[in-house]
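Close look at the chain arrangement
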Amino acid sequence: GARPCIGDFGMIAPLYAHLGRDPKPLSMMQARALRLYRWTERMNRLEPNAGAFQIEDDAYRYLPDDHIPDTLIAVLQHMAVDFVPETRAAAKCINEWLDTEGHKLPAGTQAQRGVGFASFEVLGTKINALAQPYRFYLLKRVQDLYAELGADDQADVKKLLKSCDMEEILDISINRQIGRDNNLEVWL
């Protein structure tokens with residue numbers, strides 16, 4: 001539709017920052033993903049101007065009953081292919097690091113950007129990526145929101161995550177909590 005939602009605002013930052021402002025990825029997006037390019041243009045406008053698109057008043061409404069379109073499920077499934085294995089591997093790496101180094105970190109110590117490299121496979125290719133504690137600060141926020149939901153809403157979220165091959169993220173965690181102090185992530 002034509003009305004942005006929280007998902008649009010969540011996606012515009014990385015897509016515009018990494019694709020929409022750099023000339024090379026911008027030209028690739030314009031050539032290969034014209035609809036994505038047009039979306040980034042519309043998201044950066046103050047008015048709901050759709051340019052060449054004809055938009056009816058109903059298009060400014062969200063889908064009924066918070067329906068998630070199959071096209072978005074497909075995008076999330078594609079993201080899950082590497083997001084879930086990387087998250088699982090990063091948790092393992094960070095937990096192993098915490099087992100040996102965690103006792104040296106008093107509460108309030110700034111969390112490092114990375115504490116080692118996590119190895120995982122995506123479609124048969126081995127990948128090594130920086131194991132970043134910050135991702136678990138964010139993931140814990142999602143898990144806490146899920147925990148606050150009623151049973152029916154939790155069932156709906158679990159069903160959605162399962163359809164996206166992301167159900168496992170509700171259970172992946174590290175052995176020590178991370179909080180915020182003076183706009184920095186710190187070990188609790």
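Our structure is the block above this text.
Small disclaimer: the values here were computed from a predicted structure and weren't measured. (Residues numbered from 1 in each chain as written. Predicted model: local features only at pLDDT ≥ 70, side-chain atom pairs only at ≥ 80, totals over all residues. Heavy atoms only, no water.)

1. Concerning the overall build of the protein chain
Helix and strand counts for the protein chain come out as 6 helices and 4 strands. For the protein chain, the sequential pattern of α-helices and β-strands runs α-α-α-α-β-β-α-α-β-β. Considered along the principal axes of its C-alpha atoms, the protein chain spans approximately 60 × 45 × 40 Å. Counted over contacts in the protein chain with a minimum sequence separation of 6, partners at least 24 positions apart contribute 60%. Just so you have it, the protein chain exposes about 13,000 Å², and 54% of that area is on carbon and sulfur atoms. A distance of 6 Å separates the average location of the 22 positive side-chain charges in the protein chain from that of its 27 negative side-chain charges. (Helix = DSSP H or I, 4+ residues; strand = E, 2+ residues; numbered from the N terminus. Contact = heavy atoms within 4.5 Å. Areas by Shrake-Rupley, 256 points an atom, 1.4 Å probe, with all protein chains shown as cover. Lys, Arg positive; Asp, Glu negative; His and termini not counted. Charge placed at Lys NZ, Arg CZ, Asp CG, Glu CD.)

2. Remarks on the side chain of T87
On the secondary structure map, T87 appears in helix α4 (residues 70–101). Accessibility expressed as a relative area gives 1% for T87, which makes it buried. In contact with T87, not counting residues within four places along its chain, are R135, F136, L139 and I172. (Buried < 20%, exposed > 50% of the residue type's maximum accessible area, 1.4 Å probe, protein only.)

3. Quick look at helix α6 (residues 151–163)
The end-to-end C-alpha separation of α6 is 18 Å, in line with the 18 Å expected for 13 residues at 1.5 Å each. Immediately downstream of α6, the backbone of D165 shows phi near 65°, a positive value. (Expected span 1.5 Å × (residues − 1).)

4. Comments concerning the pattern of salt bridges
All told, the structure shown has 7 salt bridges when counted by the stated rule. For R88, the salt bridge is made with E168, and the minimal N-O distance between the two is 2.7 Å. Of this pair, R88 sits in helix α4 while E168 sits in the loop between α6 and β3 (178–181), and the two are 80 residues apart along the sequence. Measuring nitrogen to oxygen at the nearest pair gives 2.8 Å for the salt bridge that ties K92 to E96. Placement of the pair is K92 and E96 together in helix α4, with a separation of 4 residues, close to one helical turn. With relative accessibility at 53%, the residue K92 sits in the exposed group. Note on E96: relative accessible area 42%, which makes it partly exposed. (Salt bridge = Lys/Arg side-chain N within 4 Å of Asp/Glu carboxyl O.)

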